[in-house]
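Residue-level listing of the chains:
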Amino acid sequence: MTTGIGQEREKNMEYDLGAEVAEWMLSQTGAPAGARSTTTLMGMQWDVFPGVWHPNPGTRLFTSWLPIADGCRLLEVGCAAGVTCVVAARGGCTRVVGVDIYPAATDNTRRNAARHGVAGRVEALTSDLFAELDEDDVFDVICSNPPLVKAPESRRIDTATEQMVYDPGYELHRRFFREVGPHLADDGRIYMLTSETLADPAALRKLAAEAGFTGRVHASEAIGIPASVMGSTPAVVAAADEHGVVRVDFTMLEFQRG
């Protein structure tokens, strides 16, 4: 049995690991003034504009887990480079809208929609959450791969890339669930990515419940990251397996009206 001291030590190690992984993720985004690049994900080529979150294995899991179906109306909050929007349009969704607070991201989404032949079925709006949607815009699926890390409320956010990783006090998540209702179809579903390593799924489900939504686990998978690429700090080394690999989980939660 784990003692109280042991439980506290384990809790601190988990927090330290989450912080280390978050800082490593932050280092991978590149500087906002960097060069435009191209990457491969899900067997497709994607343009990535400076200052836009780089598509990664978490993006692949998030996109592949969504229940995309013919005739679906889909809204992605935080569209970044547009991977999910493009895959949804190619998968048969009749209306796909991506919103992002960064103009570079919505430009990037339009670029990748054009690249993959679905420009006529993907709309991209620069918007703080739902602010720029029409009042009667309703969707069957609303999805978001948000800033995962529930940082302390006192966590200072100095850069746009930090804002893509950290959500101090889960204020952005709280606003999402407070504002999403009018845009969700009566039998619609919300899908949001979270992580036991990086985030706080229990707190997320609690604040969703406060807004009238019930949640359940839709899918979950761990991704292996070599400890060496994250700097082999004490928290990372302690979490690594015998092969020097740290397993970081990603979990998609599904929400519906309670």
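What comes next concerns the included structure. (Residues numbered from 1 in each chain as written. Predicted model: local features only at pLDDT ≥ 70, side-chain atom pairs only at ≥ 80, totals over all residues. Heavy atoms only, no water.)

Some points on the environment of histidine 218
So, point 1. Among the structural elements, histidine 218 can be located in strand β8 (residues 213–226).
So, point 2. Residues histidine 218 and leucine 193 lie 25 residues apart in sequence; the distance between their C-alpha atoms is 9.8 Å.
So, point 3. What histidine 218 contacts, discounting residues up to four positions off in sequence, is Trp65, Pro67, Tyr191, Met252, Leu253 and Glu254. (Helix = DSSP H or I, 4+ residues; strand = E, 2+ residues; numbered from the N terminus. Contact = heavy atoms within 4.5 Å.)

Focus on the side chain of glutamate 76
So, point 1. Among the structural elements, glutamate 76 can be located in strand β3 (residues 73–77).
So, point 2. Although glutamate 76 lies buried, it forms no salt bridge, and the closest oppositely charged side chain, arginine 110, sits 13 Å away as judged by the N-O distance.
So, point 3. Setting aside chain neighbours within four positions, we find glutamate 76 in contact with Phe62, Thr84, Cys85, Val97, Gly98, Val99 and Cys143. (Buried < 20%, exposed > 50% of the residue type's maximum accessible area, 1.4 Å probe, protein only. Lys, Arg positive; Asp, Glu negative; His and termini not counted. Salt bridge = Lys/Arg side-chain N within 4 Å of Asp/Glu carboxyl O.)

Structural notes on the pattern of salt bridges
So, point 1. Summed over the entire model, instances satisfying the criterion amount to 14 salt bridges.
So, point 2. Across the pair aspartate 137 and arginine 95 runs a salt bridge, and its minimum N-O distance is 3.0 Å. Placement of aspartate 137 in the loop between β5 (122–126) and β6 (139–144) and of arginine 95 in strand β4 (residues 95–100) is noted, with a sequence separation of 42 residues between them.
So, point 3. Under the relative-accessibility criterion, aspartate 137 is labelled buried at 8%.
So, point 4. Note that arginine 156 is salt-bridged to aspartate 158, the shortest N-O span being 2.6 Å. Across the pair, exposure class does not vary: arginine 156 and aspartate 158 are exposed alike.
So, point 5. Here the residues in one salt-bridge network are Asp47, Arg111 and Arg115, joined through shared partners.

Here's the deal with the sheet that holds β6
So, point 1. Read across the open sheet, the seven strands follow the order β5-β4-β3-β6-β7-β9-β8; overall the sheet is mixed. With one partner strand each, in any of the chains shown, β5 and β8 form the two edges of the open sheet. Here the strands of the sheet are splayed against their neighbours by 15° on average, with no regard to which way each runs.
So, point 2. Lying on the sheet, helix α4 (residues 103–115) is in contact with β4 and β5; it crosses β5 at an angle near 170°.
So, point 3. Relative to strand β7 (residues 184–194), helix α6 (residues 171–179) is tilted by about 170°, and along the sheet it contacts β3, β6, β7, β8 and β9 (245–257). (Pairing = 2+ DSSP bridges. Axes fitted to C-alpha atoms, helices over the stretch in contact; angles between N-to-C directions.)

As for the pairing of β4
So, point 1. Judged by how many residues are buried, β4 sits mostly within the fold: five of six residues are covered.
So, point 2. Pairing of β3 with β4, which is carried by five bridges, proceeds in the parallel orientation. Residue pairing across strands places glutamate 76 opposite glycine 98, the latter belonging to β4.
So, point 3. For the crossover from β3 across helix α3 (residues 83–90) to β4, the handedness is right-handed.
So, point 4. In the sheet, β4 pairs with β5 via five bridges, with the strands oriented parallel. (Right-handed = clockwise from strand over helix to strand, strands pointing away.)

Regarding the nonpolar core
So, point 1. Counting residues in hydrophobic clusters, the biggest one holds 54 residues, and the most contacted among them are Leu74, Val96, Leu198 and Phe250.
So, point 2. Looking at which element gives the most residues to this core, the answer is α3, with six residues.
So, point 3. Sequence-distant contacts of phenylalanine 250, defined by excluding residues within four places in its chain, comprise Leu61, Trp65, Leu148, Leu193, Thr194, Leu198, Ala219, Ser220, Glu221 and Ile223.
So, point 4. Core analysis: the next-biggest nonpolar cluster, separate from the first, contains 24 residues, Phe176, Val180, Ala199 and Phe255 among them. (Core = buried A, V, L, I, M, F, W, Y, C linked by side-chain atoms within 4.5 Å.)

Things to note about the packing of aromatic side chains
So, point 1. All told, the structure shown has four aromatic pairs when counted by the stated rule.
So, point 2. Both rings, one in phenylalanine 176 and one in phenylalanine 177, keep their centres 5.1 Å apart while their planes meet at 75°; by these two values the pair is edge-to-face.
So, point 3. For phenylalanine 176, a relative accessible area of 2% puts it in the buried group.
So, point 4. Residue classification places phenylalanine 177 among the buried positions, given a relative accessible area of 2%. (Phe/Tyr/Trp six-rings, centres within 6.5 Å; stacked < 30°, edge-to-face > 60°.)

Observations regarding helix α7 (residues 201–210)
So, point 1. Every buried residue belonging to α7 is among Pro201, Ala203, Leu204, Leu207 and Ala208, and all of these are buried. Seen along its axis, α7 keeps its buried residues to an arc of 160°; they face one direction. Summarising the geometry of α7, the exposed residues directed more than 90 degrees from the buried face are Ala202, Lys206 and Glu210.
So, point 2. For α7, the secondary structure elements touched by its buried residues are α6, β7, β8 and β9.
So, point 3. Immediately downstream of α7, the backbone of glycine 212 shows phi near 95°, a positive value. (Arc of directions from axis to C-beta.)

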